Amino acid sequence: MAESARRARGGGGAARRAARKAVSFETARYIERNIPNFEVLTEEALEIIEQNADAVLEEIGVNFPDNPEALALWREAGADVQGERVRIPRGLARKLCSTAPSTITQVARNRDRDVVIGGRNLVLAPVYGPPFVRDAAGGRRYATMADFEKFVKLGYMSKWLHHSGGTVCEPTDIPVNKRHLDMLHAHMTLSDKPFMGSVTEPSRAQDSVDMCGILFGKDFVQENTVMTSLININSPMTFDDVMMGALKVYAENNQACIISPFIVGGAMAPVSVAGTLTQVLAETLAGIAYSQLVRPGAPVIMGAFVTSIDMNSGAPTFGTPEAAHITYGAGQLARRLNLPYRSAGSFTGSKLPDAQAAYETSNSLNMGLLSGVNFMLHACGWLEGGLVSSFEKFVMDADQLGTLHHLARGVEIDVNAQAMDAIREVGPGGHYLGCAHTQSNFRDAFWKSDLLDYKPFETWSDEGARDTQSLATARVEKMLADYQQPALDPAIREALDAFVATRKAAEPDSFS
């Protein structure tokens, strides 16, 4: 089987026939910013936060529970290890982080859709992790594998989305110990965009690496980054053994990890912006340093998932000015470390894709663009504080991601953009609709939504007076009806099917 897959990767007749039948959907290249980053912290503030983060690591330390291997690596590196507490001498974590690459190229099975994470680039990926889904027809319900596959298809067909993501929803109808196999299989076969691996148990991370070995070739995987995976820190300052076990698998196999605190300010971090940024920096320094202890040069992304808390209800809040300040500040800190940066998304606490969702999402997406984020997880589909993946909101957000692309272009100032010929042609009192410059540029002059309604009132009323959610429902249905699976070598597909079947048969189902 493996030999058959290798032969097919070399360009067999079946692969060529499949490619000729394939229908490719347009995907925009990842964003390359031509606008400045927005910076809220002065040089003095940055230095104070960096010094305080070093003090946290040296004086307070971080915990690596149930992980003797990690403790041994830290002890060997020169840290003070007492029980499960690791105190890291001032400067050691920063020195270890210096071996991490400043940019990461994640290879897609369609090489036209490779992404470069870092520098002035921004890669957009969909919602990650919700156990529930919502649509206009079925309301809020537990997610299934059928829902998961629909989201992967929508992501594949979304022009402004560069990445297929990972757990776009949690398929609760599949056993916990086996659902990662089905999710990866869906990403690999229903889309040809880059994707994320499993982190819920180290053996599942290894399954992810092994399946990529089938899809790309084992040697290719060892020499190239073909997966990005999310490693959350259990804030405050605790690195649990499951996540660290998955991190170890990926680092050893040259696969990228987003090392990210999960912080709700006031609950898992101080209520102040400076205090939260200090903890974020301390935690990410320790996590990234550990990845480099496992394998110097392992690709990593500095993450910061930070929001605030409603002090009356205890619920997380999104799109707030405090979250923006932290996101901007963390971007500055990441750039000083010369590391790729992950943050922001289509965040909202709203239960529905309504005005609250739109306000909070707009604030969150724009702060991500301006803060210098390089990898934006949750860029579309997030609802109810991350508990719900919404089909309607997925396409609403995915449409609005086009504005980020256009904002990031900046302002052109070449001869055509100056439009002096047009101004001379029209003169005082005229109009520009028919001038030569307008006729030459109107097709690409303005970004246009593929979803929102710009029609006159009478036309809108005659067509049913549909609100945005209704338009989004219709768009979901149309996209799924138009979906065509990207070509995949039959031998590789057969090998992936066999791997999943074998691994599922190897152990009993578990829903815990």
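Residues numbered from 1 in each chain as written. Predicted model: local features only at pLDDT ≥ 70, side-chain atom pairs only at ≥ 80, totals over all residues. Heavy atoms only, no water.

- The name that an unreviewed UniProt entry assigns to the chain is Methyltransferase, with the source organism given as Sulfitobacter faviae.
- Word for word, the UniProt comment on the chain under Sequence similarities (unreviewed entry) is "Belongs to the trimethylamine methyltransferase family." (UniProt positions renumbered as here; feature names shortened; annotations may be inferred.)

**Quick word on the pattern of salt bridges**
Then step 1. Inspection of the entire model under this criterion finds 24 salt bridges.
Then step 2. Asp453 serves as the salt-bridge partner of Lys455, at 3.7 Å between the closest nitrogen and oxygen.
Then step 3. Assessed through its relative accessible area of 27%, Asp453 is described here as partly exposed.
Then step 4. Ionic contacts of the salt-bridge type, sharing partners, join the residues Glu43, Glu50 and Arg336 into one network. (Salt bridge = Lys/Arg side-chain N within 4 Å of Asp/Glu carboxyl O. Buried < 20%, exposed > 50% of the residue type's maximum accessible area, 1.4 Å probe, protein only.)

**Notes on the packing of aromatic side chains**
The geometry of two aromatic rings is summed up by the distance between their centres and the angle between their planes.
Then step 1. Tallied over the entire structure, the rule returns 16 aromatic pairs.
Then step 2. Ring centres 4.6 Å apart and planes at 10° place the aromatic pair Phe262 and Phe305 in the stacked group. Of this pair, Phe262 sits in strand β12 (residues 256-264) while Phe305 sits in strand β14 (residues 305-309), placing them 43 residues apart in sequence.
Then step 3. Members of the aromatic cluster, joined through ring pairs, are Phe262, Phe305, Phe318, Phe347 and Trp382.
Then step 4. Seen from the ring of Phe132, Arg140 lies directly overhead, with NZ or CZ sitting 3.9 Å from the centre. (Phe/Tyr/Trp six-rings, centres within 6.5 Å; stacked < 30°, edge-to-face > 60°. Helix = DSSP H or I, 4+ residues; strand = E, 2+ residues; numbered from the N terminus. Lys NZ or Arg CZ within 6 Å of the ring centre and 35° of its normal.)

**Regarding helix α8 (residues 202-216)**
Then step 1. Here α8 contains 15 residues, and its C-alpha end-to-end distance of 21 Å stays within 8% of the 21 Å for a straight helix at 1.5 Å per residue.
Then step 2. With respect to burial, α8 is a largely interior element, eleven of its 15 residues being buried.
Then step 3. Of the positions making up α8, those classed as buried are Arg204, Ala205, Asp207, Ser208, Val209, Met211, Cys212, Gly213, Ile214, Leu215 and Phe216.
Then step 4. Following α8 by one or two positions, Gly217 adopts a phi angle in the positive range, close to 105°. (Expected span 1.5 Å × (residues − 1).)

**Describing the sheet that holds strand β3 (residues 80-82)**
Then step 1. Spatially, β2-β4-β3 is the arrangement adopted by the three strands of the open sheet, whose pairing is antiparallel. Two strands in the sheet have a free side with no partner beyond their single neighbour: β2 (62-63) and β3.
Then step 2. As paired strands, β2 and strand β4 (residues 85-87) are joined by two bridges and run antiparallel to one another. Paired with Val62 across the strands is Val86, a residue of β4.
Then step 3. Along the sheet, helix α3 (residues 43-60) makes contact with β2 and β4, crossing β4 at roughly 130°. (Pairing = 2+ DSSP bridges. Contact = heavy atoms within 4.5 Å. Axes fitted to C-alpha atoms, helices over the stretch in contact; angles between N-to-C directions.)

**Re the nonpolar core**
Within soluble globular proteins, side chains that are nonpolar tend to cluster in buried spots.
Then step 1. One finds Phe64, Trp74, Val86, Leu124, Tyr290 and Met376 to be the most contacted residues of the largest nonpolar core, which totals 138 residues.
Then step 2. The element contributing the most residues to this core is helix α11 (residues 273-294), with eleven residues.
Then step 3. Residues within four places of Leu124 in sequence aside, it is in contact with Ile31, Trp160, Leu161, His162, His163, Met376, Ala379, Leu401, Leu404 and His405.
Then step 4. Core analysis: the second largest hydrophobic core is formed by five residues, Val127, Phe305, Phe318 and Trp382 among them. (Core = buried A, V, L, I, M, F, W, Y, C linked by side-chain atoms within 4.5 Å.)

**Comments concerning unusual backbone geometry**
Then step 1. Cis rather than trans, the peptide bond between Ser235 and Pro236 has omega equal to 5°.
Then step 2. Of note, Pro236 is situated in the loop between β11 (227-233) and α10 (241-252).
Then step 3. In this model, Glu384 sits at a positive phi of 55°, which is unusual for a non-glycine residue.
Then step 4. Position of Glu384 relative to the elements: it lies in the loop between β18 (382-383) and β19 (388-390).
Then step 5. For Glu384, a relative accessible area of 14% translates into the label buried.
Then step 6. Of note in this structure, Ala419 is not a glycine but carries a positive phi near 55°.
Then step 7. Mapped onto the fold, Ala419 is located in the loop between α15 (415-418) and α16 (420-426).
Then step 8. Since its relative accessible area comes to 16%, Ala419 is described here as buried.

**What to know about α3**
Then step 1. For α3, built from 18 residues, the straight-helix expectation of 26 Å at 1.5 Å per residue is met to within 8% by its first-to-last C-alpha distance of 25 Å.
Then step 2. Regarding α3, the residues found buried are Leu46, Ile49, Glu50, Ala53, Asp54, Ala55, Val56 and Leu57.
Then step 3. For α3, the secondary structure elements touched by its buried residues are β2, β4, α5 (92-97), α11 and α12 (321-337).
Then step 4. Gly61 occupies a position one or two residues after α3 and carries a positive phi of about 85°.

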